[in-house]
Amino acid sequence: DAGVIQSPRHEVTEMGQEVTLRCKPISGHDYLFWYRQTMMRGLELLIYFNNNVPIDDSGMPEDRFSAKMPNASFSTLKIQPSEPRDSAVYFCASRFRTGELFFGEGSRLTVL
Amino acid sequence: AQSVTQPDIHITVSEGASLELRCNYSYGATPYLFWYVQSPGQGLQLLLKYFSGDTLVQGIKGFEAEFKRSQSSFNLRKPSVHWSDAAEYFCAVGNQGGKLIFGQGTELSVKP
């Protein structure tokens, strides 16, 4: 089975532009997580879903960030408008019930 | 509140030497504990996990960890380090059906 698939792997954009990151979880997994990784703050949980429903979005930094999960096989994380401080690696991870998290390879975002 | 502390930001060991990476957690209930490893430019890969039962757990790549409830610790060990073990290591704590909180990570360097 394919692992968690994220796209794009790298994104370079200018401040003020909209950024959309995509994630396809492992088939059959019922939890999906979005994390952000930076040198300064480490791995931060932004939001997670259970059966496509957002459960905890308390880690979303501000209203510029939004996440959706329209079906069990797809999720997006959107930043609008983007700012240089949003530059980071964004990871998507999925799991089945109480099992371990499986991570994608990440989307490296650079906002100029 | 849930938290994970990895006291060592960076550790250097000689190849063939033993390794212990420290992890302390704060959690209100019985924790699920994990160790993940991240190579540069990659996502996180699970090394081992503890849910219940035997407090000494074996993982992949020759790693093991011991859960000590009295010390709120879950230290990672390996008897003989290989150059390919150089990476960043993350300890994480969570609960059934909930989110995982990660420590800040420990970067491991291996001297030849």
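Rules of the game
Residues numbered from 1 in each chain as written. Chains lettered and ligands numbered in written order. Predicted model: local features only at pLDDT ≥ 70, side-chain atom pairs only at ≥ 80, totals over all residues. Heavy atoms only, no water. Phe/Tyr/Trp six-rings, centres within 6.5 Å; stacked < 30°, edge-to-face > 60°. Helix = DSSP H or I, 4+ residues; strand = E, 2+ residues; numbered from the N terminus. Buried < 20%, exposed > 50% of the residue type's maximum accessible area, 1.4 Å probe, protein only. Lys NZ or Arg CZ within 6 Å of the ring centre and 35° of its normal. Salt bridge = Lys/Arg side-chain N within 4 Å of Asp/Glu carboxyl O. Polar contact = N/O pair within 3.5 Å; in protein donor to acceptor, adjacent residues only side chain to side chain. Contact = heavy atoms within 4.5 Å. Buried area = accessible area lost by both parts, 1.4 Å probe. Nonpolar A, V, L, I, M, F, W, Y, C, P; charged D, E, K, R; others polar. Pairing = 2+ DSSP bridges. Axes fitted to C-alpha atoms, helices over the stretch in contact; angles between N-to-C directions.

Engineer: Can you help me understand the packing of aromatic side chains in this one?
Structural biologist: To describe a pair of aromatic rings, one takes the distance between the centres and the angle between the planes. Counted under the stated rule, the structure contains 18 aromatic pairs over all chains. Taken together, a centroid distance of 5.0 Å and an interplanar angle of 15 degrees make the contact between F33(A) and Y48(A) stacked. In this pair, F33(A) sits in strand β4 (residues 31–38) while Y48(A) sits in strand β5 (residues 42–50), placing the two residues 15 residues apart along the sequence. Residues F33(A) and Y48(A) agree in their burial class; the two are buried. Their ring planes at 20 degrees and their centres at 4.2 Å tell us that Y32(B) and F51(B) sit as a pair that is stacked. Of the two residues, Y32(B) sits in strand β5 (residues 32–38) while F51(B) sits in the loop between β6 (44–50) and β7 (56–58), which places them 19 residues apart along the sequence. A relative accessible area of 14% places Y32(B) in the buried class. According to the relative accessible area criterion, F51(B) is partly exposed, its value standing at 23%. A network of ring pairs unites the aromatic residues Y31(A), F33(A), Y35(A), Y48(A), F91(A), F103(A), Y32(B), F34(B), Y36(B), F51(B), F90(B) and F102(B) as a single cluster. Above the face of the Y31(A) ring, R95(A) is positioned so that its terminal group lies 4.7 Å from the ring centre.

Engineer: Help me understand the pattern of salt bridges, please; the structure alone is not making it clear to me.
Structural biologist: Here the idea is simple: oppositely charged side chains can pair when their charged atoms come close. Counting across every chain of the model gives 15 salt bridges over all chains. A salt bridge links R9(A) to E105(A), with the shortest nitrogen-to-oxygen separation between them at 2.7 Å. Taken together, the residues R9(A) in the loop between β1 (5–7) and β2 (10–13) and E105(A) in the loop between β10 (102–103) and β11 (107–111) connect sequence positions 96 residues apart. Residue R9(A) is classed as partly exposed on the basis of its relative accessible area of 33%. For E105(A), a relative accessible area of 38% puts it in the partly exposed group. Residue R22(B) is joined to D8(B) by a salt bridge in which the shortest nitrogen-to-oxygen separation is 2.9 Å.

Engineer: Honestly, the side chain of K78(B) in this entry has me stumped. Any pointers?
Structural biologist: Residue and element names in this part refer to chain B. Within the fold, K78 resides in strand β9 (residues 73–78). Under the relative-accessibility criterion, K78 is labelled buried at 10%. Separated by 2.9 Å, the side chain of K78 and the backbone oxygen of K61 make a polar contact. Filtering out sequence-adjacent residues up to four positions away, K78 remains in contact with A17, S18, L19, K61, G62, F63 and D85.

Engineer: Hey, could you run me through the interface of chain B and chain A in this one?
Structural biologist: Put simply, an interface is often sized by how much accessible area is lost when its parts join up. Tallying the contact residues gives 20 residues for chain B and 22 residues for chain A. Of the roughly 1,600 Å² buried where chain B meets chain A, counting both sides, 51% is carbon and sulfur surface. In this assembly, chain B and chain A are joined by two salt bridges. For K99(B), the salt bridge identified is with D56(A), shortest N-O distance 2.9 Å. The tally of links from chain B across to chain A stands at six residue pairs in polar contact (both at pLDDT 80 or more). Secondary-structure elements contributing two or more residues to the side of chain B that touches chain A are β5, β6 and β11 (100–102) of chain B. Broken down by element, the residue count for the side of chain B that touches chain A peaks at four residues, all from β5(B). Here the residues of the side of chain B that touches chain A sort into nine nonpolar, nine polar and two charged.

Engineer: Mind showing me how you'd approach the sheet that holds strand β3 (residues 19–24) of chain A here?
Structural biologist: Sheet strands associate in pairs through backbone hydrogen bonding, adopting either a parallel or an antiparallel arrangement. Residues and elements named next belong to chain A. The sheet built from four strands is open, its strands ordered β1-β3-β8-β7 with antiparallel pairing. With partners counted over all chains shown, the strands left at the sheet margins are β1 and β7 (65–71), one partner each. Within the sheet, the average angular offset between the axes of one strand and its neighbour, ignoring direction, is 15 degrees. Sheet analysis places β1 next to β3, joined by three bridges and oriented antiparallel. Bridge pairing in β3 places Q6 opposite C23.

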